[in-house]
Every structure is written in C-alpha cells, then in structure tokens.
Amino acid sequence: MPAEKTGPPVTAFMLVKTTPEWLALTVQERVDAFTTQVLPTIEARTTGVRSRFYDTEFYSARVTDVWVWEAEDHHAYQLLVDALRETPFWDRYFEVVDLLVGTENGYARTYGLEAVATIST
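Procedures and definitions
Residues numbered from 1 in each chain as written. Predicted model: local features only at pLDDT ≥ 70, side-chain atom pairs only at ≥ 80, totals over all residues. Heavy atoms only, no water. Salt bridge = Lys/Arg side-chain N within 4 Å of Asp/Glu carboxyl O. Helix = DSSP H or I, 4+ residues; strand = E, 2+ residues; numbered from the N terminus. Buried < 20%, exposed > 50% of the residue type's maximum accessible area, 1.4 Å probe, protein only. Axes fitted to C-alpha atoms, helices over the stretch in contact; angles between N-to-C directions. Left-handed = near helix turned anticlockwise from the far one by under 90°. Contact = heavy atoms within 4.5 Å. Nonpolar A, V, L, I, M, F, W, Y, C, P; charged D, E, K, R; others polar. Pairing = 2+ DSSP bridges. Core = buried A, V, L, I, M, F, W, Y, C linked by side-chain atoms within 4.5 Å. Expected span 1.5 Å × (residues − 1). Bend = angle between axes of the 7 residues up to and from the residue.

### Regarding the pattern of salt bridges
Inference 1: Enumeration over the complete set of coordinates arrives at four salt bridges.
Inference 2: The partner of Glu 86 in a salt bridge is Arg 45, and the shortest N-O contact between them spans 2.6 Å. You can see Glu 86 sitting in the loop between α3 (74–85) and β4 (94–102) and its partner Arg 45 sitting in helix α2 (residues 27–45), a full 41 residues away along the chain.
Inference 3: With a relative accessible area of 43%, Arg 45 lands in the partly exposed category.
Inference 4: Taken together, the shared-partner salt bridges connect Arg 50, Arg 52 and Glu 70 into one network.

What follows is the structure, encoded as structure tokens:
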C-alpha cells in the first residue's frame, strides 16, 4: 500500500537554551524583542514555514525550550536558519544546543509502506 502524505517534508527540532541576556529582560521586553527583532526577519526572508514552541526548562537543565519548525521543503528550512542567524535570537538571546532535522515517516515513503508509527484516534 502506498504511504499517506503526512505533514511538511522537513521538520526541525531546534533545542535551545536561554541566555542570561534574554532572562534579564522583562516578559514584555521579551515579547517586544521577538516581535520586532526576530519575526520581521523571518517573515521577510522565508515562506512555507511554521513553528510550535515548547517550554522544557521544568524538566531539563541543558535545554530550556524546543522549537519545532515545519518547512515545505529543504530550501525553505535553509532560508529560515539563515534568517534566524541574522537576528539576536541566534547566540544572543538563545544558544542553539542542537538541531534534529528529519522527515515524518520517511521510511514509509521510501519503501511505499503505510506509516506504522503515526496513530490517529
């Protein structure tokens, strides 16, 4: 059976740790910094990406947050990373600890199989 098409082909789990500079900002200053210094650059330089944000500092000292980025293709993901690197997000407000990039159910697509790891209820 052919594999079902799942979400965007590129999913990146960006594991980050907040910096002292970010933590020194008030909550409102963080929101303002992100909406004025980071988002405009992403929006101006890339399309076809979306993100979700997860707080993890409750459970991990090494990584405080995980950003899940979904991109419609590898080029869109590359443009996203290039854009982020030109903002204070990258290495000023957050240390990028690791990037885990993959494709959902890639094995199933490769072999023309049904995805067995994805469960819908």
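From this point, the narrative continues.
### Re the packing of α2 against α3
Inference 1: α3 packs onto α2 with a crossing angle of 145 degrees between their chain directions and a minimal axis gap of 9 Å. You can see that α2 and α3 cross each other, and the crossing is right-handed. In this structure, α2 uses Val 38, Thr 41, Ile 42 and Arg 45 to contact α3, whose residues at the interface are Leu 79, Leu 80, Ala 83 and Leu 84.
Inference 2: The residue makeup of the contact of α2 with α3, split by class, is six nonpolar, one polar and one charged.

### Points about the pairing of strand β1 (residues 10–18)
Inference 1: Among the nine residues in β1, seven count as buried, and that is most of the element.
Inference 2: Bridge analysis of β1 against strand β3 (residues 65–71) gives seven bridges, and the strand direction is antiparallel. Its bridge partner lying in β3, Ala 12 is registered against Trp 69.

### Brief notes about the nonpolar core
Inference 1: Counting residues in hydrophobic clusters, the biggest one holds 22 residues, and the most contacted among them are Met 14, Trp 69, Tyr 77, Leu 84, Phe 89 and Trp 90.
Inference 2: Within the residue set of this core, elements represented by two or more residues are β1, α2, β3, α3 and β4.
Inference 3: It is α3 that contributes the most residues to this core, five residues altogether.

### Regarding α2
Three or four residues apart is the spacing at which side chains of an α-helix point the same way, because the helix has 3.6 residues per turn.
Inference 1: Between the first and last C-alpha of α2 there are 26 Å, a value that for 19 residues agrees with the 27 Å anticipated at 1.5 Å per step.
Inference 2: Helix geometry: α2 is bent most strongly at Leu 39, by close to 35 degrees, with proline Pro 40 lying one to four residues after it.
Inference 3: Where α2 is concerned, the buried positions are Ala 33, Phe 34, Val 38 and Ile 42.
Inference 4: Tucked into the core, α2 has its buried residues touching α1 (20–24), β3 and α3.

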